Amino acid sequence: RWLTCKSLPPGALERIADTIADRLRVPWFSGAVKINVSLVPPLVLLPVFLHVAALHFLLGLIILTSLPVVVLWYYYLTHRRKERTLFFLSLGLFSLGYMYYVFLWEVVPRGHVEYSQVVTLTCGLILMLAALSRAKKDPGYLPIPAGNEKPSHQGLPNESIRGSSSGLHGFSGAASSRAVNGEAKGYCRMSAEQPAGVKKDWCTKCQLVRPARAGHCRLCGRCVRRLDHHCVWINSCVGEQNHQAFILALSFFTLTSVYGITLTLHTICRGRTPFVALFYCPEAYSDYSSALSFTCVWYCAIVTAGMGYILLIQLLNISYNVTEREARLALRDNTGRRLLGGLVIDTGQYNRGLLCNWGHFLSLRSSPPQRSAEDIV
């Protein structure tokens, strides 16, 4: 009916897509394993696009310009629909594997890369994957009430509860000089007692009282301690328990990628500095192997620039002891100060100086979170 331009019943295409996604399985010893459809496009399209881009300079310019646009469009599409997807995780991991493959099979055989340099690059990749694996674990989800029972909050004063289904913090200005539940430790230890007059943060979605700086993730459907943001590249939240691993993964990726780009450009564009060779390398398209390597270098440079910007924002936020979620809320409520040209938003609520802020960040997982009286009851 669709091919003959006839009308389709409402929801027919959605049912067809759901059926195809359900039938897409791989045989396995314990039974067929269902494959997430969002995993497939990067595995197929990325090698095809990069090989086509290596055919000519203009093709490379068009493809490398359109790829970030398509990825950003898909991000905003899934973000608007509040959907979780494995597309970005699949794209990131397959890009790493494919770039490493091109480096070993196209760059190393030219004889300009030493064995120690290959080992260094491999170690950086392994460390990055190890940090990424840790970042994929529990970000600090708040425990769901036993038996899925909604905890009663009748014992709490009405004025101390504020409905917050979207993860809004409920702390008054008088509480800005203290941390609840021992939020700050290390270089400057603050009082863990809850000040009088501080409003409790009640989540109507999870039906629980959240500690300070916790927030509800609308994609994961859970409340997370010290929620920073939901990262599509790891398909998980970044919170109290995995924020350090997330920073390590970004750092190892940036350093390893820059090192690999430098080695490749030194091999392909001899006699030029990496920055000059990135923009001017006439011999890059002298043969297909060099063209493919040069195209992959530009693809890595685009991805590294994006990840480097994310890492910069994260480091600045840590230096001012503010999370990405708190920065967005401060912008919305017009309660924060724009610093460093708008790169960081200082809320002034938890900022205790550079050393104290980093000491607090490095001690996030040093002790188990304290349980409130409501959780114990």
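Going by an unreviewed UniProt entry, the protein carries the name Palmitoyltransferase and comes from Vidua macroura. For the record of the protein, the UniProt heading Sequence similarities (unreviewed entry) holds the text "Belongs to the DHHC palmitoyltransferase family." Database annotation for the protein, UniProt heading Catalytic activity (unreviewed entry): "L-cysteinyl-[protein] + hexadecanoyl-CoA = S-hexadecanoyl-L-cysteinyl-[protein] + CoA".

(A) Molecular detail of the pattern of salt bridges. The tally for this structure, following the rule as stated, stands at 8 salt bridges. The closest approach of N and O atoms between Asp22 and Lys34, which form a salt bridge, is 3.8 Å. With Asp22 in helix H1 (residues 12-23) and Lys34 in strand S2 (residues 33-34), this residue pair connects regions lying 12 residues apart in the sequence. By relative accessible area, which is 47% here, Lys34 ends up partly exposed. Among the ionic pairs, Glu326 bridges to Arg213, the shortest N-O distance being 2.8 Å. Here Glu326 is found in helix H9 (residues 324-333), whereas its partner Arg213 is found in the loop between strand S5 (208-210) and strand S6 (215-217), with 113 residues between them in sequence. A single burial state applies to Glu326 and to Arg213, both of which are buried. When salt bridges that share partners are traced, they join Asp22, Arg23, Arg25 and Lys34 into one network.

Calculation rules
Residues numbered from 1 in each chain as written. Predicted model: local features only at pLDDT ≥ 70, side-chain atom pairs only at ≥ 80, totals over all residues. Heavy atoms only, no water. UniProt positions renumbered as here; feature names shortened; annotations may be inferred. Salt bridge = Lys/Arg side-chain N within 4 Å of Asp/Glu carboxyl O. Helix = DSSP H or I, 4+ residues; strand = E, 2+ residues; numbered from the N terminus. Buried < 20%, exposed > 50% of the residue type's maximum accessible area, 1.4 Å probe, protein only.

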